[in-house]
Amino acid sequence: DPMTHVLLVAPDSDLRKSVEFALQAEGYDVTSCASIGARERPRYDCTIVDHHALGNNQRFAADFCRIFRPVILLANLVPHPLSPFAYRTVMKPLLGAALTDAIHDAIGHRAATT
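These figures come from a predicted structure and were not determined experimentally.

Draft legend 1. View of the environment of histidine 109. Take histidine 109: it is sitting in helix α4 (residues 98-113). Along the sequence, histidine 109 and proline 70 sit 39 residues apart, while their C-alpha atoms lie 8.4 Å from each other.

Following this line, the structure appears as structure tokens:
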């Protein structure tokens, strides 16, 4: 079973560290960063992005979500204005298996559509 590579983008360092720790404990290989920046598209199986990292520019958010799909959006309201661009929106604070379930579903969905 190959390791799943996940990109995590969250400006808040406490959130980023706690999500990274939880995902690594679940066996994911996590690359985390505070901002999107100018990143080339490496092979990630799934991207998790905090809505604060996307800001309010919907075109930018839509482009990011298309390039880095499947994207799981972390937000404090569901649906979030950026939810239409993401595969799934997961509420913060993260409780239980909601995030790992979303990752599993997103990867399965991607495999089924490629």
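Draft legend 2. Region of interest: the sheet that holds strand β3 (residues 46-50). With respect to topology, five strands assemble into an open sheet ordered β2-β1-β3-β4-β5, the strand pairing being parallel. Across the chains shown, the open sheet's two edge strands, defined by having one partner strand only, are β2 (29-33) and β5 (88-91). Direction aside, the axes of adjacent strands within the sheet are offset by 20° on average. Sheet topology places strand β1 (residues 5-9) next to β2; five bridges connect them, and they run parallel. Bridging from a neighbouring strand, histidine 5 pairs with aspartate 29 of β2. Relative to the sheet, α4 contacts β3, β4 (71-75) and β5, its axis offset from that of β5 by approximately 170°.

Draft legend 3. Fine view of the side chain of histidine 80. Along the chain, histidine 80 turns up in the loop between β4 and β5. Among the polar contacts made by the side chain of histidine 80, one reaches the side chain of histidine 51 at a distance of 3.3 Å. Leaving out residues up to four positions away in the same chain, histidine 80 has contacts with His51, Leu73, Ala75 and Thr89.

Scoring rules and cut-offs
- Residues numbered from 1 in each chain as written.
- Predicted model: local features only at pLDDT ≥ 70, side-chain atom pairs only at ≥ 80, totals over all residues.
- Heavy atoms only, no water.
- Helix = DSSP H or I, 4+ residues; strand = E, 2+ residues; numbered from the N terminus.
- Pairing = 2+ DSSP bridges.
- Axes fitted to C-alpha atoms, helices over the stretch in contact; angles between N-to-C directions.
- Contact = heavy atoms within 4.5 Å.
- Polar contact = N/O pair within 3.5 Å; in protein donor to acceptor, adjacent residues only side chain to side chain.

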